[in-house]
Amino acid sequence: QVQVVESGGGLEQPGGSLRLSCAASGSIFNIYAANWYRQAPGKEREFVATISWSGGITYYADSVKGRFTISRDSAKSTVYLQMFSLEPEDTAVYYCRIVLPGARFYWGQGTQVTVSS
């Protein structure tokens, strides 16, 4: 039983910033990695960023590189996505995915990010 809950979404103006949180709880004894994905209306879900849990190695989609930062707090089993210089194209539901040993994936419910003037 694993729960993944995102928070921190909302409405922001272009050029603004938001910080998303993803808290994992339940039967988690180890975490391999955490990912952020996003899905805009009528669009396919796309990869945003990933972080390895042990080493904190990060990787970003080209569309967000230099603007977004993924990080994690191991003690809290929480991953963050700090977003700067937001653009209308960033508008989407943002989903967190926790990767556990044995290629087990757990998705959160998503949090809405809307970037509009």
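Q: Honestly, the nonpolar core in this entry has me stumped. Any pointers?
A: Taken as a class, soluble globular proteins show a tendency for nonpolar side chains to be buried jointly. The biggest cluster of nonpolar side chains holds 30 residues, and the ones touching the most others in it are W36, V79, L81, M83, Y94 and I98. Every element with two or more residues in this core is listed here: β1 (2-7), β3 (18-26), β4 (33-39), β5 (46-52), β7 (68-73), β8 (78-83), β9 (92-100) and β11 (111-115). Those residues in contact with Y94, other than ones at most four positions away along the chain, are E6, L20, W36, Y37, R38, V48, F68, L81, M83, G110, T111 and V113.

Q: Can you help me understand the pattern of salt bridges in this one?
A: Side chains that carry opposite charge are capable of pairing whenever their charged atoms lie near each other. Inspection of every chain in the model, using the stated rule, returns 5 salt bridges. When the shortest N-O distance is used, the salt bridge between E46 and R38 registers 2.6 Å. Under the relative-accessibility criterion, E46 is labelled partly exposed at 34%. Overall, the relative accessible area of 5% leaves R38 in the buried class. Of the charged contacts in the structure, one is a salt bridge between D90 and R38, with a shortest N-O distance of 2.9 Å. Taken together, the residues D90 in the loop between β8 and β9 and R38 in strand β4 connect sequence positions 52 residues apart. Side by side, D90 and R38 carry an identical accessibility label, which is buried. Within the structure, one salt-bridge network assembled from shared partners comprises R38, E46, R67, E87 and D90.

Conventions and cut-offs
Residues numbered from 1 in each chain as written. Predicted model: local features only at pLDDT ≥ 70, side-chain atom pairs only at ≥ 80, totals over all residues. Heavy atoms only, no water. Core = buried A, V, L, I, M, F, W, Y, C linked by side-chain atoms within 4.5 Å. Buried < 20%, exposed > 50% of the residue type's maximum accessible area, 1.4 Å probe, protein only. Helix = DSSP H or I, 4+ residues; strand = E, 2+ residues; numbered from the N terminus. Contact = heavy atoms within 4.5 Å. Salt bridge = Lys/Arg side-chain N within 4 Å of Asp/Glu carboxyl O.

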